[in-house]
Amino acid sequence: NALNIAVVGATGAVGEAMLEILAERKFPVAKLYALASAKSAGDTLMFAGKSVLIEDLADFDFSQVDIALFSAGASVSAEFAPKAAAAGAIVIDNTSQFRYDEDVPLVIPEVNPEAIAEHKKRGIIANPNCSTIQMLVALKPIHDAAGITRINVATYQAVSGSGKKAINELAGQTAKLLNGQSPDVEVYPKQIAFNVIPQIDAFQDNGYTKEEMKMVWETQKILADDTVSVNPSCVRVPVFFGHSEAIHLETRKKLSAEQAKLLLAKVPGVELVDEPVDGGYATAVGDASGKDAVFVSRVREDISHPNGLNLWTVSDNVRKGAALNSVQIAEILLKSYF
Ligand code: 2RA
């Protein structure tokens, strides 16, 4: 049974990936509504080989929609997601707007699919932050086997996480610098080309950034365990697609690197690429970008801690980090509730 699907933010980096992935995975779509701001309304886009008119979100009637995928910024979700749910659509929201609400499930299909049932409370399911998704897909089997007590993580996040403007800024700055011209610095507080920036999102009172706190709050909510302590440092790097993460964790029970690798090799959605040879690991360029998997490499016991494990993950932040995760949630809804 085919469904009526709305994509809110259809012209954004994540919205475009949602459309691509719905078509790639042959999601049964009876009618596709492509919604955006008045600026884009009236244009058309291609979906599954057909031209679709982009409609203005402001006056759209969601009563005709079965599932609405939102990725147009938290303020748009704040205003329109409750309206869509009230009109009878099930909302899968990719922004941070509802992630921390008690009555909104925060779901990674490979980690806590059972939480999808809670969508009945408000008709909204929240998609976690990209940096949380790729970390927990990799850590879930380790947590189940040995109980994770503490996570230290440093992230190396691609500019596509900030949207199309940031992708263009990295390209523009790089070209200008290579031509001996001074770069325009607009999206980020400092130049991103040939640089790394230790700030993603706003600073909080405790000196962490919001992106770092998202990884703390979302990890504890998704694992339903606020005893797991998380200590992130989130950094923006001059990469277009694919977030990388260096993860250093401590477990209750000792887990050897070999045991961890055996577990990881069996996890759906994880690709273990881990040989102690030149190039024997996954990187954003050449491995993860454009793919669906969470790649895991550099699994090794921590020489500074008896129950410590280190690993490297890399994944396409626009796909598994956002669009694919949302479509996988929609696939579970289709199977279980329609
Ligand atoms: C970023 N995770 O990378 C945030 C939002 N996508 O900018």
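Residues numbered from 1 in each chain as written. Predicted model: local features only at pLDDT ≥ 70, side-chain atom pairs only at ≥ 80, totals over all residues. Heavy atoms only, no water.

1. Concerning the overall build of the protein chain
Move 1: Across its full length, the protein chain holds 8 helices and 13 strands.
Move 2: Once the C-alpha set of the protein chain is aligned to its principal axes, its extents read approximately 60 × 55 × 40 Å.
Move 3: By the burial criterion, 52% of the 338 residues in the protein chain qualify as buried.
Move 4: Once local pairs closer than 6 in sequence are excluded, the contacts in the protein chain between residues at least 24 apart make up 67%.
Move 5: Just so you have it, the protein chain exposes about 14,500 Å², and 53% of that area is on carbon and sulfur atoms.
Move 6: Put simply, the protein chain has 31 plus and 41 minus side-chain charges, and the middle of one group is 2 Å from the middle of the other. (Helix = DSSP H or I, 4+ residues; strand = E, 2+ residues; numbered from the N terminus. Buried < 20%, exposed > 50% of the residue type's maximum accessible area, 1.4 Å probe, protein only. Contact = heavy atoms within 4.5 Å. Areas by Shrake-Rupley, 256 points an atom, 1.4 Å probe, with all protein chains shown as cover. Lys, Arg positive; Asp, Glu negative; His and termini not counted. Charge placed at Lys NZ, Arg CZ, Asp CG, Glu CD.)

2. Focus on the UniProt feature "binding site: NADP(+)" (unreviewed entry) in the protein chain
Move 1: Here the UniProt-annotated "binding site: NADP(+)" (unreviewed entry) positions come out as Thr-11, Gly-12, Ala-13, Val-14, Lys-39, Ser-40, Ser-160, Gly-161 and Asn-317. For the residues just named, distributed over 307 residues, the greatest C-alpha separation reaches 26.2 Å, placing them at more than one site.
Move 2: Position of Lys-39 among the secondary structure elements: in the loop between β2 (29-36) and β3 (44-47).
Move 3: You can call Lys-39 exposed: its relative accessible area is 74%.
Move 4: Its location among the elements puts Ser-40 in the loop between β2 and β3.
Move 5: The buried category is assigned to Ser-40, whose relative accessible area is 9%.
Move 6: Those residues in contact with Ser-40 that sit more than four places away from it in its chain are Thr-11 and Ile-54. (UniProt positions renumbered as here; feature names shortened; annotations may be inferred.)

3. Notes on the sheet that holds strand β6 (residues 90-93)
Pairing between the strands of a sheet is mediated by backbone hydrogen bonds and can be parallel or antiparallel.
Move 1: In space, the 7 strands of this open sheet follow the order β3-β4-β2-β1-β5-β6-β7, with mixed pairing throughout. Edge positions in the open sheet fall to β3 and β7 (124-126), since each of these has one partner strand only. Taking each pair of neighbouring strands and ignoring which way they run, the sheet shows an average axis angle of 25°.
Move 2: Across the face of the sheet, helix α1 (residues 13-24) comes into contact with β1 (3-8), β2, β3 and β5 (67-70) while running at roughly 155° to β1.
Move 3: Along the sheet face, helix α2 (residues 74-86) touches β1, β5, β6 and β7 and points at about 175° away from the line of β5. (Pairing = 2+ DSSP bridges. Axes fitted to C-alpha atoms, helices over the stretch in contact; angles between N-to-C directions.)

4. Notes on the site of the ligand
Move 1: Inspection of the region around the ligand gives Asn-129, Cys-130, Gln-157, Gly-161, Ser-162, Glu-211, Arg-236 and His-243 as its neighbouring residues.
Move 2: Asn-129 has a polar side-chain atom sitting 2.9 Å from a nitrogen atom of the ligand.
Move 3: In the environment of the ligand, an oxygen atom lies 3.1 Å from a nitrogen or oxygen atom belonging to the side chain of Gln-157.
Move 4: Of the residues in the shell around the ligand, the class split is 1 nonpolar, 5 polar and 2 charged. (Near = heavy atom within 4 Å. Polar contact = N/O pair within 3.5 Å; in protein donor to acceptor, adjacent residues only side chain to side chain. Nonpolar A, V, L, I, M, F, W, Y, C, P; charged D, E, K, R; others polar.)

5. What about the side chain of Gln-157?
Move 1: Of note, Gln-157 is situated in strand β8 (residues 148-157).
Move 2: Judged by its relative accessible area of 1%, Gln-157 falls in the buried class.
Move 3: Within polar-contact distance, the side chain of Gln-157 engages the side chain of His-243 at 3.5 Å.
Move 4: Not counting chain neighbours up to four residues away, the residues in contact with Gln-157 comprise Ser-131, Ile-200, Glu-211, Cys-234, Val-235, Arg-236, Val-237 and His-243.

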